[in-house]
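One letter stands for each residue in the lines below.
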Amino acid sequence: MRGHRSAMAVWAVAALTYLVAVVHRTALGVAGDAAIDRFALGATGLAMFSVLQLTVYAALQIPAGQLLDRFGVRALITTGAGVMALGQGLLALADDVPTALVARALIGGGDAAIFISACRLIAQHFPARQVPVMVQVTGLVGQSGQIVSATVVLWLLAARGWGATFGALAVVGAAVTVAAAVGLGPRPAPPAERAARERFGQAVRAAALPAGTRLGFWAHFLSPFSFNVVAMLWGTPFLLTAQQRTLGEVSALLSVMTLSAMLSGPLVGRWTSRHPLRRSSVVLASAGATLVAWVWLLVPDTPRPFAQLVVFCVVIGAGGPVSLIGIDLARTFSPLERLGTATGFVNTGGFTSTILGVLAVGVVLQLVSPPGATTYSLDAYRIAFAVLLAPWLVGVVGLLRSRRRARADLRDAGTPVPPLREALRRRRAG
C-alpha cells in the first residue's frame, strides 16, 4: 500500500505538470483573434505560430526520448516545464512577430519532454495491467487543460488583455517547475549499457524497428489531428465567424470537445487493457466516425444548428484519447531501456499530422479569400477543412499496412490474432 501511495504521489506531480503543459500548448488557440490584431496577421501567419510550435515539438520527440532513457523522468519534466514557462513569459512581452515565434518555439520545445516522461514514469511505477488505464487517466487530466484554456484563459484574455494573461501562465508554469523538481524523486538507475552506448541513429532505428511500434506511430498519426486542428487554432475563429456563435457558445463547444475526450479516455484505456489484440480496431472505428462528422459538418453551405456542433465536438473529441493507443503499442513492443525513444517516435505521429493539417487549413483559407482578409467565410472554411481528408487517408493506409506486419510478427511469435468474427463467436461460446 505504501508503494502504491508513493507511485500515486509522483504520478500526481507528473500529471499536474502535463495539465499545465496542455494549457500552455492550447492557450493560443483561444487567443487567435487577439493574436491577429496584436501582430497584424493573416491566416497563414497565424497558422505559422502553431506550426512552428508543433514542428519544434515533433522534431524534439525522439531526442527527448533518448534523453529520457539516459537522464530520467525528473530531469526531463523539470527542464521541459521551465522552458515552457520561459516561453510564455516571453510571449506576454512580445509585440512583434519574431519575438512571438521564438516564444512559441520555446513552448513547443519544453512541451516535447512532458508527456513521454509521464508515460515512462507510469511504466516504471505501476503494474503492466494498470498501465493502459493510467496513461488514459493522465491524458484525461491533461485534457482538462483544454477546458482551462477555453474558460479561464479566454475569460482572462477578455478581462485583462494579452500581457496579463500570458504573464499569469508564465507564473503558473514556474510554480509547476518547482513542484516537479521537488516531487518527482531521485534520478533512476542508469540505462542498460548497450542502449547508453548507442548513437542517435542507431537508437532510433532500434526503437522503431518492431512493426508494432510503427503501428503505434500510425495510430497516433491518424487519431488526434482533427481534435488538435480545432482546439489549437482554427476552432475559435471558425465557430465565431463562419458559424456565427457567441463567445460563450464557443467556450461551451470547446469544453464539450474536451469533456468528450476526458470521458472516453478511461473507456478506451479499459478496452485496450482487456483486449490488447484489438487496439487498432478502435483506432479505425474512431477514424471512421471522425470522417462522418466532418462530412456532416462541411457539406451544408449554411451555419449548423448548435446541437449538430455539439455532436461534432463529441466525436472529434474522442480522437485525443484514442491516439494514446499508439503509446500503449510502443510500450507493448519495446523493452524498458528503449521505451523513451520508442514513445517519442510514436508521439511524433499525431503532431506531424497536426502540423500538416494546421498549415494546410491556413494556406487554403488565404488562397480562397480576398487579399488582405483577416476573417473568413463559411465557404472558405468548408474548402480549407476538406483538405484534412489527405492526412486522414495517409493515416488509414499506414495503419492497415503496419497492422498486417505487426500481426504477422505476433503470429510468428505464437500469438495469432483471430479474425474479429471468430473472436466474437468464441466469446459468445465461452
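Look above for the structure.
Residues numbered from 1 in each chain as written. Predicted model: local features only at pLDDT ≥ 70, side-chain atom pairs only at ≥ 80, totals over all residues. Heavy atoms only, no water.

Q: It is not clear to me how the overall build of the protein should be interpreted in this structure. Could you clarify?
A: Along the protein, the regular secondary structure elements total 21 helices and 0 strands. Relative to its length of 430 residues, the protein is compact, with a C-alpha radius of gyration of 21 Å against a globular reference of 22 Å. For the protein, the share of sequence-separated contacts (at least 6 apart) that also reach a separation of at least 24 residues comes to 84%. Surface accessibility of the protein: about 17500 Å² in total, with carbon and sulfur atoms responsible for 66%. (Helix = DSSP H or I, 4+ residues; strand = E, 2+ residues; numbered from the N terminus. Rg over C-alpha atoms; globule rule 2.2 N^0.38 Å. Contact = heavy atoms within 4.5 Å. Areas by Shrake-Rupley, 256 points an atom, 1.4 Å probe, with all protein chains shown as cover.)

Q: Help me understand the packing of helix α18 (residues 339-368) against helix α19 (residues 378-386) in this model?
A: Helix-helix packing is characterised by the crossing angle of the two axes and by the distance between the axes. Contact geometry of α18 with α19 gives a least axis separation of 8 Å together with a crossing angle of 140°. Here α18 is positioned oblique relative to α19, judged by the angle of their axes. Where α18 crosses over α19, the two elements pack in a sense that is right-handed. Contacts between α18 and α19 involve V361, V364, L365 and V368 from the former and A380, Y381, I383, A384 and F385 from the latter. Classifying every residue of the contact of α18 with α19 by side-chain character gives 9 nonpolar, no polar and no charged. (Axes fitted to C-alpha atoms, helices over the stretch in contact; angles between N-to-C directions. Parallel < 35°, antiparallel > 145°, perpendicular 65-115°, else oblique. Left-handed = near helix turned anticlockwise from the far one by under 90°. Nonpolar A, V, L, I, M, F, W, Y, C, P; charged D, E, K, R; others polar.)

Q: Is there a simple way to explain a nonpolar patch on the surface in this structure?
A: Taken together, the side chains of V363, L367, V368 and I383 define a hydrophobic patch exposed on the protein surface, amounting to about 350 Å² of accessible area. Looking at the element boundaries, V363 is found in helix α18. (Patch = residues over 30% accessible without salt bridge, like charges linked within 9 Å, V, L, I, M, F, W, Y side chains within 5 Å. Salt bridge = Lys/Arg side-chain N within 4 Å of Asp/Glu carboxyl O.)

Q: Looking at this structure, how should I read the environment of L253?
A: On the secondary structure map, L253 appears in helix α14 (residues 247-274). For L253, a relative accessible area of 0% puts it in the buried group. If we skip the residues at most four places from it in the chain, L253 touches L239, F306, L309, V310 and C313. (Buried < 20%, exposed > 50% of the residue type's maximum accessible area, 1.4 Å probe, protein only.)

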